[in-house]
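# Chain and residue survey
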Amino acid sequence: MGTALKADNVSIRYITGDFKEIGIKEYFVRKLKGDYKVEEFQAVDHVSFELDKGDMLGIVGTNGAGKSTLLKAVAGIMEPTCGKITCNGEIAALLELGSGFDGDLTVKENAYLRGAMLGYTKEFMDSTYDMIIEFAELREFEDRPFKQLSSGMKSRLAFSIASLVDPDILILDEVLSVGDGAFQEKSAAKMREIISRGATTILVSHSITQIRELCNKVLWLDHGKQVAFGETQSICDGYEEYLKTGVMPQNIDGGGYNCSQCEPLTEKSAQNTEKSRISQLDIVRVFAILMVILIHTAEGIYGTGEWVPELTGMSFIVYSLIKLFGRVGVPFFLMLTGYLLLDRDYSDSAMTGKFYKRRFLPMLLACELWIVIYWVLQRLLFVDKLWFGGAQSVSTLLRYLTFQDRNDWQISWYIPVLILLYLFIPFIANGMRSMPKRYIAIPVIWFSVQEIGFWTLNSFFSCFFRGSYIPAVQYLSNTILRFRTDNYGIIGIYFSFALVGLLMRKGMLKGIGKRTLLAAMGLILITSVLWLKAFFRRDGIQYTIWYEWAPVDILAVVMFELITRMKAPARWASVAAWMSKYGLGYFFIHGIVLNLLLAYIPIRTGICSVDTAVYFLATFVISTGAIFLMSKVPVLSRRLLLISQGNQ
Amino acid sequence: MEIVQKLNKNKFLFQELVHRDFAKKYKRTMLGIAWSMLSPLLSLLVMRLVFTRLLGSSIEHYTVYLFSGQLIFSFFNDSTNEGMMSLLDNSDIFTKVNVPKYLFLFSRNISSLINFGLTMMIYFLFVVADGIPVTWKYLMLLFPVACLVIFNLGVGLILSALYVFFRDIRYLYSIFTMLLMYLSAIFYSIEDFPQIGRNLFLLNPIYLYIRYFRKIVLEGTVPTLQFHLLALGYAVAAFAIGAFIYKKKNHSFLYYV
């Protein structure tokens, strides 16, 4: 006598109120109103039982106890959200006899259809059809449309077809009460015959007498939880007692809310996730550093403007990917700033004062100092190098220091943006402090739409309309929105990145799975490469990948989210921490190193991608070395490097 | 293989479902199955009138040209639209009885396939009547038909799954098919477009299959190997995505009916 059926901690959970159920409009409405809540309902809560071959199980319980749901799980129609069901043998489930019939077909056709659904073969149906019709007493009606039958007739037919099953495991959900008195006797006898053939049976019934008569084991469920499982006599007594008095027996087991296998619906460990995300930011910063170095190397090797070589095939793909990933660096830095600094409370003037003293001023001084250093180097070393514009006079230096001009060290456009951002961080943070996520998103959307939207669409359309950018769009963005081609636009978009960082801190992308993000990333890469291939050179206008290009921005957000969810091994974590400590130092130093290399060390193999890799590695290694040395040399140099530490 | 065993087990059920779908489709209609032949003929007539008399198209063998496009497109349209509803319409079956859910889609597709077969016979009548020579190459037409069947199944899988979760897919899809119809070069020729535009048409699988038909019937040439691979690729991709969705969401369907 082996085990025929084993249910092990079976749970079935319904989820209500989620996006799929309520639809997009209701989703947004609820999110705006703030009462979007996904609720879970445990229909069956960690029920376990075991049946031997030939056992007859009766399931009792008040309405809504989860009996039918449990049967559906055993029949294989529903999959348990937790736990497992193992069956040995074929299962036939008679859950709702009246289902599966089609009103327009004839009785005979319906009989065949229902038989097919129960798993009978055509030969079987052919041979037993007469028996079925006789048992149901429907011989005269066999060619009539099914809907012309009365409900009693329909049930008789259904039962008649179903009674021919011969499975190893039989499931009956309140089927022994169909038809009139005479038919009920016939059907009860038929069922007893089936059961006596040795099938393991599960029976749900409200008639306790029937259960006492037929079953040797009983399972009692109440609101999804298992009250008792075992011998018929005692449990039936207990159940009848409960029905009369409403008093439960003492030994209610089941209901494992702390079941380790169950996936929690809501993140109870939000705290831990937040902490681990912040430690992952070191990796984000390292990534940002690497990407910035990459993009500058690429621009130095591949050149900008008209010097970009004609690329085809694989080398084009490599170029596109280098440029795409490279541009992610600056958005990363900005998002980091937003993530770490915008979530703080600056309402207290002491806090604000501390911020300006400890973060803003060192940042400003460091930036100014670096500008001076560049100017000095420029003057001393590169007098006749074309890229660096020759010797710069002191008046030019003053213009640089006041951010009225930018020198060409490939990084200087970013500094005034950063300074401006830092200047306004307390105000922005205070303004955003009490705003729920949805309002913070508004300026992001505003800037994104006009910068990304217009710019992207503009370039896109220009390639179809051969040549110049569409005047109308240009006009719109220049006059009505005033934000194209001048610094305000750039500042707007970078400001948005910081806000996006804040939104990420508040868990903007929390609900989106890792696989979806990875798929999105893959999709962006493919679309971007194809887009670039199609529109790279159109009538002399070369398509530049800049920060306002939508794929770059979306890629930055997706990658940021993915990296913060990664788990870096401990070894890398400490290296990353060290590197990210000097993040901004890297930013300043790599410019010098890279330009020196490009100017004085001509390692040109002729293959741009190889050159890029070589220069990239060389720049990275030398910069790291320089930073290492400077960190060992006291005070001033360390001050220069350590600005980024304020970000923590 | 396990899946072949499963299919065998459900063969009878599949036959019964096909029988049921077919019987229901033409219940109480006057013309019955003749309607499936009459409807494409009538729309073909309308199109021909419009495009030759009113808009003045000058393509050779225009009727057959038009019919090729019409044939393929209506097969796709009917198949996917019927398929989209298949899962939800049978909701009271699969919530009570444990049957493989993709059978419902497959059975609906069979009836569309039969319709397509009948229409194709009429198509060949037109081909012969128009004086176009029938060569052995016509046997190759089985290839796009097979691809199209797989493609329809794939799209049907995707749509029926989505329809259970998001009922408005139905309306979105009808607009999408309208767009697709205009972009499939059914009643115009792509010769008027520049090369890059012509290449973009290849992104439309329906256009691809129509082009295959036209190439064999009207031009008498067998398309290149890349063409074959692309046609097959679309079909396989659609089917793979559909199968993946069904596999993942198989147990969620009944919560949303």
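Here the structure is a predicted model, which is why all the values come from computation and not from measurement. (Residues numbered from 1 in each chain as written. Chains lettered and ligands numbered in written order. Predicted model: local features only at pLDDT ≥ 70, side-chain atom pairs only at ≥ 80, totals over all residues. Heavy atoms only, no water.)

### A few points about the interface of chain A and chain B
Applicable threshold: Whether two residues are in contact is decided by their heavy atoms: any pair within 4.5 Å suffices. Buried area is a sum: the accessible area each of two parts loses on coming together, probed at 1.4 Å, counted once for each and added. By definition here, a salt bridge exists when the distance from a side-chain nitrogen of Lys or Arg to a carboxyl oxygen of Asp or Glu is within 4 Å. Numbered from the N terminus, helices here are DSSP runs of H or I no shorter than four residues, and strands are runs of E no shorter than two. Each residue gets one of three labels, nonpolar for Ala, Val, Leu, Ile, Met, Phe, Trp, Tyr, Cys and Pro, charged for Asp, Glu, Lys and Arg, and polar for the others, Gly among them.
Every contact between the two is made by 31 residues of chain A and, on the other side, 26 residues of chain B. Between chain A and chain B the total buried area reaches about 2700 Å² when both faces are included, carbon and sulfur atoms providing 63% of it. Summed over the shared surface of chain A and chain B, the number is zero salt bridges. Counting residues per element, the ones that place at least two in the side of chain A that touches chain B are β1 (3-16), α1 (19-33), α2 (67-75), α3 (107-117) and α4 (122-136) of chain A. The element best represented in the side of chain A that touches chain B is α3 of chain A, accounting for six residues. For the side of chain A that touches chain B, the residue count by class is 14 nonpolar, four polar and 13 charged.

### Considerations on the packing of helix α10 (residues 205-219) of chain B against helix α11 (residues 225-249) of chain B
Between two packed helices, the angle of one axis relative to the other and the distance separating the axes together describe the packing. Residue and element names in this part refer to chain B. Rules: The angle between two axes is taken between their N-to-C directions and runs from 0 to 180 degrees, where each axis is a line fitted to C-alpha atoms and a helix contributes only its stretch in contact. Roughly parallel refers to an angle under 35 degrees, roughly antiparallel to one over 145, roughly perpendicular to one between 65 and 115, and oblique to any angle outside these ranges. Two helices cross in a left-handed way if the nearer one is turned anticlockwise from the farther one by less than a right angle. They cross in a right-handed way if the turn is clockwise.
Here α10 crosses α11 at 140 degrees, and the two axes come no closer than 10 Å. Between α10 and α11, the crossing angle belongs to the class labelled oblique. For the pair α10 and α11, the sense of crossing is left-handed. Of the residues in α11, those in contact with Pro205, Leu208, Tyr209, Arg211 and Tyr212 of α10 are Phe227, His228, Leu230, Ala231, Tyr234 and Ala235. The class makeup of the residues in the contact of α10 with α11 is nine nonpolar, one polar and one charged.

### A look at the side chain of arginine 108 of chain B
All names here are of chain B. We count it as follows: Two N or O atoms form a polar contact when they lie within 3.5 Å of each other; inside protein one atom must be a possible hydrogen donor and the other a possible acceptor, and for residues adjacent in sequence the pair counts only when both atoms belong to side chains.
The topology assignment puts arginine 108 in helix α6 (residues 102-129). At a separation of 3.2 Å, a polar atom in the side chain of arginine 108 contacts the side chain of aspartate 89. The contacts of arginine 108, once residues within four sequence positions are left out, are Asp21, Glu82, Met85, Ser86, Asp89 and Asn90.

### Describing the environment of isoleucine 415 of chain A
Residues and elements named next belong to chain A. Looking at where isoleucine 415 falls in the secondary structure, it is placed in helix α14 (residues 414-433). Spatially, the C-alpha atoms of isoleucine 415 and phenylalanine 588 are 10.0 Å apart, while their sequence positions differ by 173 residues. The residues touching isoleucine 415, leaving out its near neighbours within four places in the chain, are Cys367, Phe403 and Phe588.

### With respect to helix α19 (residues 550-565) of chain A
Put simply, the rule reads: An expected span of 1.5 Å times one less than the residue number is assigned to each helix. For every residue, the accessible area obtained with a 1.4 Å probe (protein chains only) is divided by the maximum for its type, and the residue is called buried under 20%, exposed over 50%, and partly exposed between those limits.
The end-to-end C-alpha distance of α19 of chain A is 23 Å, a good match for the 22 Å that 16 residues give at a rise of 1.5 Å each. Burial analysis of α19 of chain A places 14 of its 16 residues in the buried class, the great majority of the element.

### Here's the deal with the packing of aromatic side chains
Residue and element names in this part refer to chain B. Basically, it comes down to this: For Phe, Tyr and Trp, rings pair up if their centres lie within 6.5 Å, where Trp contributes its six-membered ring, and each pair is then called stacked (planes under 30 degrees apart), edge-to-face (over 60) or tilted (otherwise).
Throughout the structure, instances matching the rule amount to 42 aromatic pairs over all chains. A centroid spacing of 6.0 Å and a plane angle of 35 degrees characterise the contact between phenylalanine 124 and tyrosine 138, whose relative ring orientation is tilted. Of this pair, phenylalanine 124 sits in helix α6 while tyrosine 138 sits in the loop between α6 and α7 (142-165), and the two are 14 residues apart along the sequence. Taking the relative accessible area as the measure of exposure, tyrosine 138 reaches 9% and is therefore buried.

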